[in-house]
Amino acid sequence: MDLILVGLNHKTAPVRLRESLAFDRGQAAAAVAELVRTEPLAEALLLSTCNRVEVVAATEQPRAGFTAVKNYLARSRGLALSEFEHALYVRQGDEAVRHLFRVAASLDSMVLGEPQILGQIKDAYRLAVNAKASGVILNRLFHRAFSVAKRVRRETGIGGRAVSISYAAVELAKKIFEDLGGKNVLLLGAGEMAELAVEHLLANRAASVMVINRTFERAVDLARRFSGKPLRWEEMVPALSGADIVISSTSAPGLVLEKAAVQKVLRPRKNRPLFFIDIAVPRDIDPAINKLPNCYVYDIDDLASVVQKNKDERKKEAVAAERIVDEGVIGFRRWLSDLDAVPTIKDLKDKLESIRVQEMKKTLPGMEGLSGADRDALERMTRAMMRKILHDPILYLKQEGGHREAKRREILNLAREMFNLDSRRDAD
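J.: For the packing of helix α6 (residues 136-155) against helix α13 (residues 300-363), give the residues involved together with the corresponding values.
T.: Between α6 and α13, whose axes approach to 10 Å, the crossing angle comes to 160°. Judged by the inter-axis angle, α6 sits roughly antiparallel to α13. Read as a crossing pair, α6 and α13 show a hand that is right-handed. Contacts between α6 and α13 involve Val136, Ile137, Arg140, Leu141, Arg144, Val148, Arg151, Val152 and Glu155 from the former and Ala321, Arg323, Ile324, Val325, Glu327, Gly328, Gly331, Phe332, Trp335, Leu336 and Leu339 from the latter. Its residues assigned to classes, the contact of α6 with α13 shows twelve nonpolar, two polar and six charged.

J.: Can you tell me about helix α8 (residues 192-203), naming the residues and giving the values?
T.: Taking 1.5 Å of rise per residue, the twelve residues of α8 would be expected to cover 16 Å, and the 17 Å separating its terminal C-alpha atoms lies within 8% of that figure. Within α8 the residues assigned to the buried category are Ala194, Glu195, Ala197, Val198 and Leu201. Axial view of α8: buried residues confined to an arc of 155°, hence all on one face. Turned more than 90 degrees off the buried face of α8, the exposed positions are Glu192 and Ala203. On its buried face, α8 sits against α7 (165-177), β5 (184-189), β6 (208-212), α9 (216-225) and β8 (245-249). One or two positions beyond α8, positive phi appears at Arg205, with a value near 70°.

J.: Tell me what's going on with α9, and back it up with residues and numbers.
T.: Residues three or four positions apart in an α-helix share a direction because the helix packs 3.6 residues into each turn. Along α9, the residues that are buried comprise Ala219, Leu222 and Ala223. Burial along α9 is one-sided: seen end-on, the buried residues are contained in an arc of 100°. Along α9, exposed side chains directed more than 90 degrees from the buried face belong to Glu217 and Arg224. As for α9, its buried residues are in contact with β5, α8, β6 and β7 (229-231).

J.: Mind laying out the side chain of Asp284, listing which residues take part and the relevant values?
T.: Of note, Asp284 is situated in the loop between β9 (274-278) and β10 (295-299). No salt bridge is formed by the buried Asp284; the nearest opposite charge belongs to Arg214, separated by 7.6 Å. At 2.7 Å, the side chain of Asp284 and the side chain of Thr250 are in polar contact. Sequence-distant contacts of Asp284, that is, excluding residues within four places in its chain, are made with Ser248, Ser249, Thr250, Ala252, Gly254, Leu255, Val256, Leu257 and Asp278.

J.: So what about the pairing of strand β3 (residues 52-59)? Which residues, and what values?
T.: Here β3 lies mainly inside the structure; eight of its eight residues are buried. Across the two faces of β3 the burial is the same, with Arg52, Glu54, Val56 and Ala58 and Val53, Val55, Ala57 and Thr59 all buried. As judged from the eight bridges shared by strand β1 (residues 2-9) and β3, these two strands associate in the antiparallel manner. Paired with Asn9 across the strands is Arg52, a residue of β3. Sheet topology note: the strand β2 (residues 41-48)/β3 ladder contains seven bridges and is antiparallel. Across the sheet, residue Ser48 finds its bridge partner in β3, namely Val53. Between β2 and β3, which follow one another and run antiparallel, lie three residues.

J.: Just give me the short version of the side chain of Thr49, but keep the residues and values in it.
T.: Its location among the elements puts Thr49 in the loop between β2 and β3. For Thr49, the residues in contact, after removing those within four places along its chain, are Ile117 and Gln120.

J.: Let's hear about the sheet that holds β1: which residues, and what values?
T.: The strand order across the open sheet formed by four strands is β2-β3-β1-β4, and the pairing between neighbours is antiparallel. Of all the strands in the sheet, just β2 and β4 (89-92) have a single pairing partner and so form its edges. Within this sheet the neighbouring strands show an average axis-to-axis angle of 15°, counted without direction. Pairing analysis gives four bridges linking β1 to β4, with the strands arranged antiparallel. Residue Leu5 lies in a different strand from β4, and its bridge partner there is Arg91. The sheet contacts of helix α3 (residues 62-77) involve β1, β2, β3 and β4, and relative to β1 the element is tilted by about 35°.

J.: An account of the sheet that holds β6 is requested, with residue identities and associated values reported.
T.: In space, the six strands of this open sheet follow the order β7-β6-β5-β8-β9-β10, with parallel pairing throughout. Bordering the open sheet on either side are β7 and β10, each of which pairs with just one other strand. On average, adjacent strands in this sheet sit at an angle of 20° to one another, irrespective of strand direction. Pairing analysis gives four bridges linking β8 to β9, with the strands arranged parallel. Note on β9: the bridge partner recorded for Ile247 is Ile277.

Each value, and the rule that gives it
Residues numbered from 1 in each chain as written. Predicted model: local features only at pLDDT ≥ 70, side-chain atom pairs only at ≥ 80, totals over all residues. Heavy atoms only, no water. Axes fitted to C-alpha atoms, helices over the stretch in contact; angles between N-to-C directions. Helix = DSSP H or I, 4+ residues; strand = E, 2+ residues; numbered from the N terminus. Parallel < 35°, antiparallel > 145°, perpendicular 65-115°, else oblique. Left-handed = near helix turned anticlockwise from the far one by under 90°. Contact = heavy atoms within 4.5 Å. Nonpolar A, V, L, I, M, F, W, Y, C, P; charged D, E, K, R; others polar. Expected span 1.5 Å × (residues − 1). Buried < 20%, exposed > 50% of the residue type's maximum accessible area, 1.4 Å probe, protein only. Arc of directions from axis to C-beta. Lys, Arg positive; Asp, Glu negative; His and termini not counted. Salt bridge = Lys/Arg side-chain N within 4 Å of Asp/Glu carboxyl O. Polar contact = N/O pair within 3.5 Å; in protein donor to acceptor, adjacent residues only side chain to side chain. Pairing = 2+ DSSP bridges.

Shown next as structure tokens:
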């Protein structure tokens, strides 16, 4: 049994093509149920996200398995294979395992280190289990993938630095205030990145949100979304007295908040820090405000430089993450190799147990006067002898998993011939 993987992602296919091959949750459940009934696939799982569509399968015939998966994708999506085959990648054996582990650890994501992909893989695995499409091999494979991903998170800093503009704003706010709990947020405008920043601030226990927009109805809608308070545009300067963090993302052609306006509220604020996040282009916040005491202004370029620095740091952490992935691949390969040896080991144990039982049946009737305790002692002794005789051969068969596939097959075949195991199986 070998592992295969067929897929495409954001690196190999444009969004139009990814959309045409995507599966929603209901379609994915039906797909794995059909895939596992398709020759020569023994087990199957389908992962479909906005950035990738991948099928992982266990099969004894990898080439035929690749063809079966490709044809299924074409048939189920109503496409000709020629329309998307150029965008597909195929992986087999260790390379399939490595690819999956890298995906789970977010080393293959559009945003390196993003955490969402692991949850998406867990959902795909649950669908496969519920459809009875995941068996011994995929069960072990995906539990190992989850373990590798968690270890990467725990032992590296790959997910520990902000790599989005909105979250970088929050990280900067933490440097100013240390604890964001109880801080009041003033949102100017309704840009998407600014709204995301507010969501992150609330997740970090910010106390309240005030929303100002030139269109008051829009301010009311946004305030309701954040359980906040809508204010009119004319109330901007007075609102600064109670704010700790100001996030601005309007579509105004020029500055909406100048140094002189902020200067008016400094005395009533009693030197409390005031942090401005200007995500607008062109800028909303007067950069001269930075010169006022306890006022801090960061614009989109500042945030972008923080994001780039953090991305570079994540790339450094990815080196350690790749090592953890490689360790996981080696561990899984050894387990799979041991699994290959299981039928031979079982047949060997069965044959020796059969010989032991037959010899005991021949011998015991001729040994008169044996008590029940004596018979039990002989049973224990012969079983112990059998275990000790089998110990080294079994250990050798398992250890040979480190060899290449051809070498492993050669050793298993030799063991079967040496102990005449296949003639016994034929007789059964």
